[in-house]
Amino acid sequence: MHAHYGAGGDEGGNRRATPLPGDAGLYFLGALHELVAVGLHRPALEALCAGQRDLAEPPIDRAYLLKILDEEICRQFGHPLRPLIELVLNAADAARAPQPVVDIAVTDGRVEVSDAGAGMGLRAILSRLLIPFATDKRPGIDLGRFGVGFFSVLGLGLSDPESFSLHLTTGDGVEGWAIRVVAWPSAGDAPAAASEELGQARGRASPELTAALMCSVRRIAPLLGTRVRVTSALLETATVRAYLRDALHFFPASRALVLLDGAAVNDGRLISGGQLIQERVAVAPQPPGAAALEARTHLEGERDDALLARFHVGGRGLLPSISAATFHAGVKVDACLALAELALIDFPAAVELTEGRDALKVGPEFTAVATAFYRRLIELAAASGEGRRTRDRLAEMAAQISALMLQSAGWDEVALDLARALLGPERCMVTPERREALLGFLGPSVAERLFVPESFWAEREWQPHLPGERELLEDELEIDAPETLSALARRRGDLSGLPLLVARATSPHTTMVALCRSRLQPDRGAGAAARRAPGAPPLPDAPGRRPAGPLPCLGTRRLLLIRDDSAAVRRPSGWSDWYALRAAFDRASGVREADLERDLIVGEPVDGTAFAAPRPGERTSGGEP
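What comes next concerns the included structure. (Residues numbered from 1 in each chain as written. Predicted model: local features only at pLDDT ≥ 70, side-chain atom pairs only at ≥ 80, totals over all residues. Heavy atoms only, no water.)

1. A closer look at the pattern of salt bridges
Applicable threshold: Each reported salt bridge corresponds to a side-chain nitrogen of Lys or Arg within 4 Å of a carboxyl oxygen of Asp or Glu. Strands are runs of DSSP state E lasting at least two residues, helices are runs of H or I lasting at least four, and both sets are numbered from the N terminus onward. Exposed residues in this analysis have more than 50% of their type's maximum accessible area, buried residues have under 20%, and partly exposed residues fall in between, with area computed by a 1.4 Å probe over protein chains only.
Applying the stated criterion to the full structure yields 30 salt bridges. We note a salt bridge from Arg-42 to Glu-46, for which the minimum N-O separation is 3.6 Å. Highlighted residues: Arg-42 and Glu-46, both in helix α2 (residues 42–49), separated by 4 residues, approximately one helical turn. In this structure, Glu-478 and Arg-517 form a salt bridge, with 3.7 Å as the shortest nitrogen-oxygen distance. Placement of Glu-478 in strand β19 (residues 477–479) and of Arg-517 in strand β21 (residues 512–518) is noted, with a sequence separation of 39 residues between them. Judged by its relative accessible area of 4%, Arg-517 is buried. Connected through shared salt-bridge partners, Arg-449, Asp-475, Glu-476 and Arg-546 make up one network.

Structural data, given as structure tokens:
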């Protein structure tokens, strides 16, 4: 590789190069990292800007420089197309018109971003654009924060170097410049010494491949604005357009109107239905200390709207190609594909980015926005006046948003309020696999008390804040003290169904069970409870109790519950009662469903004569008299 410096095409160092015919405007031709070295070395930078032919070799450690550039090119963002958004941010920051416009043109294998804002002269190109982190962006005013957008775009060239090129034209109204960056077309065109290393490095991050990025800088006619054209076989038209619409439809039009192939993507037309709400968010007071003082000082330097959040809630307000997401300064950073039907959140600029630069940092400002959003969901539920099913769906989605979008920030502080507003009182959370068993055991009338989350994420978020199955059983049932099944069968000879259960048990003298029955409701049956003599057995058919479900047994983590107010337990008659006892007991004991069905098909016929109550002195299958 070699480099030409100067308007006449000088070679690097003190060596004179033969001027290239027809390239009187060529200022540099060579490896990109060599041009970065010029920008880092002030004497070489000043000489190149002055058009001098003889430049001193920049005394920069090339191996270390390549390592740094490789990290900035390859480790910017999680989504492979995210660097294209950086071009839009830079264009919006450069705009100076009252209503700036950023134009994006997408064709197969090519994306072009242009603006008519303040462009750059050669000195700005060398000292800011090409130097990582040497940004002049103003926190709280400009969208760019780190000065690495240009290098992140170069990362598109590492997966498919042969098809990659970047062509940038820019000018400040006085000058005009064209920069072109390409990779070696193939390993065979590279110098022999680097050919093998380049072939091994292709498709992944490596200083060798970064060293293969070649750059030219030419002076062109003066112009105002910037145009960046990125070419790569990886830029598939439909995918790029969908991603850009997804990422930019919530971009504030006050900063710049974004046109995608001539059509505005952030003028509000892509968001329809629901409510678009702006809210100034108050951050909870922080404990005194250096960190809190630094954060407060930082916020005081922000714009007045630094803590102005935007929420889009309710309805199916997004196109099918657009997913709900979290945003920073109007640009999406975290996608949440499951939540397109409910909400969008636009975080204010005061919410900081993580070191990965494509995720939001959870902190006081982030938590304040998350909490404000949950409160908006409560208002939405109160205003909608919808039924329980709709509110349950909101509770499901609120928990998913907390887990998948908002990293559970602020959830603990508002979960109880959300539960009261969306779920109502006396609701208990049960898992989907336990719903049918509980309804069968407690009866269908208890369905109004069950909240069954649809997703793992909702179950995880709601579990610490809602009563569960144990609380439901204790609230609905009167439960006796635990005892062994064999002891219960001897003690309660009046329950004719217990002998069948003893016969089904593998070891009835160690199987722990507890009798239970529906609890008297507080507003019913008070007279029946008062008339019952102290110590007398409960009245299962008392009018103040919920009717028992069809399943007489239920397995829990600690023991097996048996309902003494179930007809199948008290006085089984006919095949249906015997089947209910056997099937419910086997399921409650942990027998697999396949084994249970096979036993019913090939086992002995079920009839009442085989399970008569044991006579005095007769031994059970468990060996106890």
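2. Details of the pairing of strand β9 (residues 224–231)
Regular strands have side chains that alternate between both faces of the sheet. Worth spelling out the cut-off: Here a strand pair is declared whenever DSSP counts at least two bridges between the two strands.
Looking at chain direction, strand β5 (residues 110–115) and β9 are connected through 6 bridges and run antiparallel. Residue pairing in the sheet places Glu-112 in a bridge with Arg-229 of β9. Relative to β9, strand β6 (residues 165–172) is paired through 8 bridges, and the arrangement is antiparallel. The residue of β9 that forms the bridge with Asp-172 is Leu-224.

3. Things to note about the packing of aromatic side chains
For clarity, the threshold we go by: Pairing of aromatic side chains here covers Phe, Tyr and the six-membered ring of Trp, requires ring centres within 6.5 Å, and sorts the geometry by plane angle: under 30 degrees stacked, over 60 edge-to-face, intermediate tilted.
Tallied over the full model, the rule gives 9 aromatic pairs. Where Tyr-374 meets Trp-411, the ring centres are 5.4 Å apart and the plane angle is 80°; that geometry is what we call edge-to-face. Of this pair, Tyr-374 sits in helix α12 (residues 364–384) while Trp-411 sits in helix α14 (residues 411–423), placing them 37 residues apart in sequence. Here Phe-451 and Trp-462 contribute two aromatic rings whose centre-to-centre distance is 6.4 Å and whose plane-to-plane angle is 80°, an arrangement assigned as edge-to-face. Here Trp-462 lies in helix α16 (residues 456–462) and Phe-451 lies in strand β18 (residues 450–451), a separation of 11 residues in the sequence. Pair check on accessibility: Phe-451 and Trp-462 agree, each one buried. Put simply, the rings of Phe-311, Phe-373, Tyr-374, Trp-411, Phe-451 and Trp-462 pair up and form one aromatic cluster.

4. Focus: unusual backbone geometry
Its identity as a non-glycine residue notwithstanding, Ser-408 has a phi of 65°, on the positive side. With respect to the helices and strands, Ser-408 occurs in the loop between α13 (388–405) and α14. Overall, the relative accessible area of 27% leaves Ser-408 in the partly exposed class. Even without being glycine, Glu-426 reaches a positive phi, approximately 65°. Tracing the sequence through the fold places Glu-426 in the loop between α14 and β17 (428–429).

5. Topic: the packing of helix α15 (residues 432–442) against helix α17 (residues 469–476)
Short version of the rule: Every axis corresponds to a line fitted to the C-alpha atoms, with the helix fit spanning only the stretch in contact, and the corresponding angles, defined between N-to-C directions, vary from 0 to 180 degrees. Working rule for angles: under 35 degrees goes down as roughly parallel, over 145 as roughly antiparallel, 65 to 115 as roughly perpendicular, anything else as oblique. Contacts were defined at the residue level, with two residues in contact if any of their heavy atoms lie within 4.5 Å. Basically, the charged four are Asp, Glu, Lys and Arg, the nonpolar ten are Ala, Val, Leu, Ile, Met, Phe, Trp, Tyr, Cys and Pro, and anything else, Gly included, counts as polar.
Running from amino to carboxyl end, α15 crosses α17 at an angle of 5°, the nearest separation of the two axes being 12 Å. What the angle tells us is that α15 and α17 run roughly parallel. Across from Arg-434, Leu-438 and Leu-442 in α15, the residues of α17 making contact are Glu-469, Leu-472, Leu-473 and Glu-476. The class makeup of the residues in the contact of α15 with α17 is 4 nonpolar, no polar and 3 charged.

6. Things to note about helix α1 (residues 32–40)
Within α1, 8 of the 9 residues are buried, which leaves the element mostly enclosed by the surrounding structure. Of all the residues in α1, the buried ones are Leu-32, His-33, Glu-34, Leu-35, Val-36, Ala-37, Val-38 and Gly-39.

7. With respect to α15
For α15, the complete set of buried residues consists of Leu-438, Leu-439, Gly-440, Phe-441 and Leu-442. Looking at the buried side of α15, the elements it contacts are β18, α17, β19, β21, β22 (553–555) and β23 (560–563).

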